Amino acid sequence: MRGVVFPGDRRAEVRDFPDPEPGPDEVVVRIKAAGLCGSDLHLYRQTAAQRAGNDTIPGHEPSGVVEALGPGVDTVQVGDRVSVYHYRGCGHCKHCRAGNVMWCAERRGYGGPIHGADADLLLTDARNCMPLPDELSYAHGALMACAAGTAFSSMHKLQVSGQDTLVIFGQGPVGLCGLLVAKALGGRVIGVDPIPERRALALQLGADKALDPGQTDVLTAVRDLTHGDGADLAFETSGSAAGQNGAVDCLRLGGKAVFVGFGVQDKTLNPSQFIGRQLTLMGSFVMPVYMYYDLAQFVLDHDLPLDRMVTHRFPLEQAPEAFALFDRGATGKVVLEWA
Ligand SMILES: [Zn+2]
Ligand SMILES: [Zn+2]
């Protein structure tokens, strides 16, 4: 099979690898769509010295067709359309059993330490294969494996309703998925992003306002749009210091925010920003595996056009071009697709 590697210094190459063989309770999935994610760029941008000897295939947004079953697999069949859950867990610890596979101490992520989805074939556990309804495209399946799952779980924590004004910091794929879910739940959504293409995409996908933090004082604008009170809810996807502070400072008294954006490693918030105003601030990370079923149902029932945020599609052999384009940051979702 072919797979992508990152040799370092913002380069991607396609190399040949041996086809994976499924062991007990494992399956091989033939990939049909694999999404590029902001978190892939952390690996892509490492130096050649940091990447030395690392030929792990990246990609943690897999969607495809079950190709081969290992011994003992009877929960999926060859030919099943699947979206693949984000982490492989041990399957038997209390977190795995509760569906919180992202908390498993033995969790293994695609792209590090195990081979990921930017390849013709992916080895995974049968229990990671989530059914992809026939009505949904493989691009939908790729989005539900990461961005849409992260956003859906976050909107769940925020309990968005038609009474709420929600400010979303960052209009990359996670922010845009949050926008689609929040709009379907009846919320009023203000998107914030410095990149014009991303603001345009947010407006096309239904944002009520799209603010440029380079041109507009976001806090003043949000207050003006909320009768001086501030927003009920905030969703921070940018990982920037400005976004993290904005998500706290834009809230009304008693408001709630969820943070999912990694990025800045410095301390950016001071408790004095939220003590007196009695804010509820939450972290969120991927989604529990059981929530996939509700997500798939929600996407179907609300006809959620997740794939409208896909702005660029490339075949695997053009992975170098795909990553170079995505690295420049002016795209929506970029996916690798197979015929
Ligand atoms: Zn991702
Ligand atoms: Zn576990």
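All values derive from a computational prediction rather than experimental measurement.

A. Up close: the coordination of the zinc ion (ligand 1). The protein atoms that coordinate the zinc ion (ligand 1) are Cys-37 (SG), His-60 (NE2), Glu-61 (OE) and Cys-146 (SG), at distances spanning 2.0 to 2.6 Å. Here the zinc ion (ligand 1) binds 4 donor atoms, and the angle range of 90 to 131° at the metal identifies the geometry as tetrahedral. Between consecutive donor residues of the zinc ion (ligand 1), the sequence gaps follow C-x22-H-E-x84-C. A residue pair is termed long-range when its members are at least 10 positions apart, and Cys-37 in the loop between strand S3 (26–35) and helix H1 (38–44) and His-60 in the loop between helix H2 (48–51) and strand S4 (62–69) qualify at 23 residues.

B. Region of interest: the packing of aromatic side chains. All chains considered together, the criterion is met by 7 aromatic pairs. Considering the side-chain rings of Phe-152 and Phe-298, the 5.4 Å spacing of their centres and the 55° angle between planes classify their relative orientation as tilted. One end of the pair, Phe-152, is in helix H5 (residues 147–158); the other, Phe-298, is in helix H10 (residues 291–301), with 146 residues separating them in the sequence. For Phe-298, a relative accessible area of 12% corresponds to the buried category. Here the aromatic residues Phe-6, Tyr-44 and Phe-323 are joined through ring pairs into a cluster of three or more.

C. Quick look at the coordination of the zinc ion (ligand 2). Within the first shell, the zinc ion (ligand 2) binds the protein through Cys-90 (SG), Cys-93 (SG), Cys-96 (SG) and Cys-104 (SG), at distances of 2.3 to 2.4 Å. Geometry at the zinc ion (ligand 2) is tetrahedral, judged from the 4 donor atoms that bind it and their angles of 102 to 116° at the metal. Positions of the donor residues of the zinc ion (ligand 2) along the chain correspond to the pattern C-x2-C-x2-C-x7-C. The exposure class of Cys-96 is buried, given its relative accessible area of 11%.

D. Seen up close, the environment of Cys-104. Tracing the chain through its elements places Cys-104 in the loop between helix H3 (94–97) and strand S7 (108–110). For Cys-104, a relative accessible area of 2% puts it in the buried group. With 30 residues separating them along the chain, Cys-104 and Asp-134 place their C-alpha atoms 31 Å apart. If we ignore the near neighbours within four places in the chain, the residues touching Cys-104 are Gly-89, Cys-90, Cys-93, His-95 and Cys-96.

Criteria and thresholds
- Residues numbered from 1 in each chain as written.
- Chains lettered and ligands numbered in written order.
- Predicted model: local features only at pLDDT ≥ 70, side-chain atom pairs only at ≥ 80, totals over all residues.
- Heavy atoms only, no water.
- Donors = N, O, S within 2.8 Å, 3.2 Å for Na, K, Ca; no water.
- Tetrahedral: all angles 85-135°; square planar, octahedral: opposite > 155°, others 65-115°.
- Helix = DSSP H or I, 4+ residues; strand = E, 2+ residues; numbered from the N terminus.
- Phe/Tyr/Trp six-rings, centres within 6.5 Å; stacked < 30°, edge-to-face > 60°.
- Buried < 20%, exposed > 50% of the residue type's maximum accessible area, 1.4 Å probe, protein only.
- Contact = heavy atoms within 4.5 Å.

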